[in-house]
Every structure is written in structure tokens, then in C-alpha cells.
Amino acid sequence: MSKLETLWKPHEGKQNISLQYRVFELLYGGARGGGKTSAGIAWLLIDIENPKYRGLVIRKNSDDLSDWMDRARAIYVPLGANIVGKPAEIRFPNGAIIRTGHLNDENAYEKYQGHEYHRMLIEELTQIPNEENYLKLISSCRSTVVGLKPRIFLTANPGGRGHEWVKRRFISIAPPMTVFKDNITGRGRIYIP
């Protein structure tokens, strides 16, 4: 049994399934209480053993990060992580890092440009008002590190300013739990309700 398994185990069903897919974009959506945030916290640990690993967690505003950090701290600190700064940076003993950030203002999307993040977790995707801002943000999810493929884990509740574009991009394109291959990028994306 891994150390993570002693701290947290996924629920059987959709939470467990969400951790099995290896596609570029995975949207885990649905009503509150389905375990989306916990799954995202665990998902960020995939490939954490690589010292060059860099992850990014995004919430709409910095106040929302405090609850996420409380939940993440319960898993990451027992695994040896040190948490510093504000917004928080989670540093693992081997050199792997997970950063946190927010989208408080219209220009916030630009502060991530030029960065390289192998994993990106965006909480409450429908709070991003338009697909253009989303695409700006995820342009930083890329990799020049052998063995680290870029991936994005998204959570969403129904509603929000971006509900329509999220529905078009993830829900209307294919049946739930079916990988859709983007015609332009060739990358896969999936919606797990």
C-alpha cells in the first residue's frame, strides 16, 4: 500500500474513474459533494516522483484557494511537502513543485504565459467567462521534460458565467466518459459526470 493510499482513497465509481484517464483535458463535473476537489488533489500526485515536475492549481480568486489548501495540506504534508508563500507553493523533497494561483482580474491569465506546467488543475471551470481566456491559460500546460506529458484536470458545478462554452467544449461534443479527439490539436478530452 502506498503512503497516499493510507491518507486518501478514491470512491468507487466516477472519482476512481477520473484518476484512470490519461487525456490532455479531463472535466469532472456535477453537483457539489461528488469528490471532485479531492480527486484533483490526488490527480496532481501522478508523476510527482519526477524532480522536474511542475503543477499549477487555479481558482477564481485567492480566497477560494484557502479551502483548497486546507484539504491539500492534509495529503501533501504527510508526503513530505513543505508549503510556503502566498499564493502557496507546495515543494516536495525531490524538487517537484505545485504552485497555486488565481484569476481575480482580466489580466491574470497573462501572468502564466511563458511558464511550463506539466499538470494544471482548474477548480470551478465555469467561472472562467469565455473559452478564449481558458485557452490563454492552458497554453502554459506543456512539457519539455521527457516522460512528463502535459495534462489538465478541471472541475465544475452546473451554472456560472462560462457554462455555455464549457458545455460546448466538453459535454455536447461526445457522450459522457467518451474520449473526444480534437481535430485541430489531436489531443483528447473527456467529460466525466
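From a predicted model like this one, the values you see are computed outputs, not experimental measurements. (Residues numbered from 1 in each chain as written. Predicted model: local features only at pLDDT ≥ 70, side-chain atom pairs only at ≥ 80, totals over all residues. Heavy atoms only, no water.)

Student: Outline the sheet that holds strand 4 (residues 89-91), listing residues and values.
Tutor: Reading across the sheet, the nine strands line up as 3-4-5-2-6-7-1-9-8 and stay open at both edges, with mixed pairing between neighbours. On the outer flanks of this sheet lie strand 3 (82-84) and strand 8 (180-181), each paired with one strand and no other. Bridging between strand 6 (residues 119-122) and strand 7 (residues 151-156) involves four bridges; their strand directions are parallel. Bridge assignment links Arg-119 to a residue of strand 7, and that residue is Arg-151. Packed onto the sheet, helix 3 (residues 36-43) meets strand 1 (25-29), strand 6 and strand 7 and runs at close to 165 degrees relative to strand 7. (Pairing = 2+ DSSP bridges. Helix = DSSP H or I, 4+ residues; strand = E, 2+ residues; numbered from the N terminus. Contact = heavy atoms within 4.5 Å. Axes fitted to C-alpha atoms, helices over the stretch in contact; angles between N-to-C directions.)

Student: Now, about helix 3: what can you tell me, with residues and values included?
Tutor: Summarising burial for helix 3: eight of the eight residues are buried, a large majority. Three or more residues of helix 3 are buried, namely Lys-36, Thr-37, Ser-38, Ala-39, Gly-40, Ile-41, Ala-42 and Trp-43. Tucked into the core, helix 3 has its buried residues touching helix 2 (14-18), strand 1, helix 4 (62-76), strand 6 and strand 7. (Buried < 20%, exposed > 50% of the residue type's maximum accessible area, 1.4 Å probe, protein only.)

Student: Describe the nonpolar core, listing the residues and the values that go with them.
Tutor: Grouped together as the largest cluster of nonpolar side chains are 32 residues, with contacts concentrated most on Leu-44, Trp-68, Tyr-76, Ile-90, Phe-92 and Ile-98. Breaking this core down by element, the ones donating at least two residues are strand 1, helix 3, helix 4 and strand 9 (188-192). Among the elements that take part in this core, helix 4 stands out by supplying six residues, more than any other. Among residues more than four places away in sequence, those in contact with Tyr-76 are Ile-41, Leu-44, Leu-45, Trp-68, Ala-81, Ile-90, Phe-92 and Ile-98. With 24 residues, the next largest nonpolar core counts Leu-125, Tyr-134, Ile-138 and Trp-165 among its residues. (Core = buried A, V, L, I, M, F, W, Y, C linked by side-chain atoms within 4.5 Å.)

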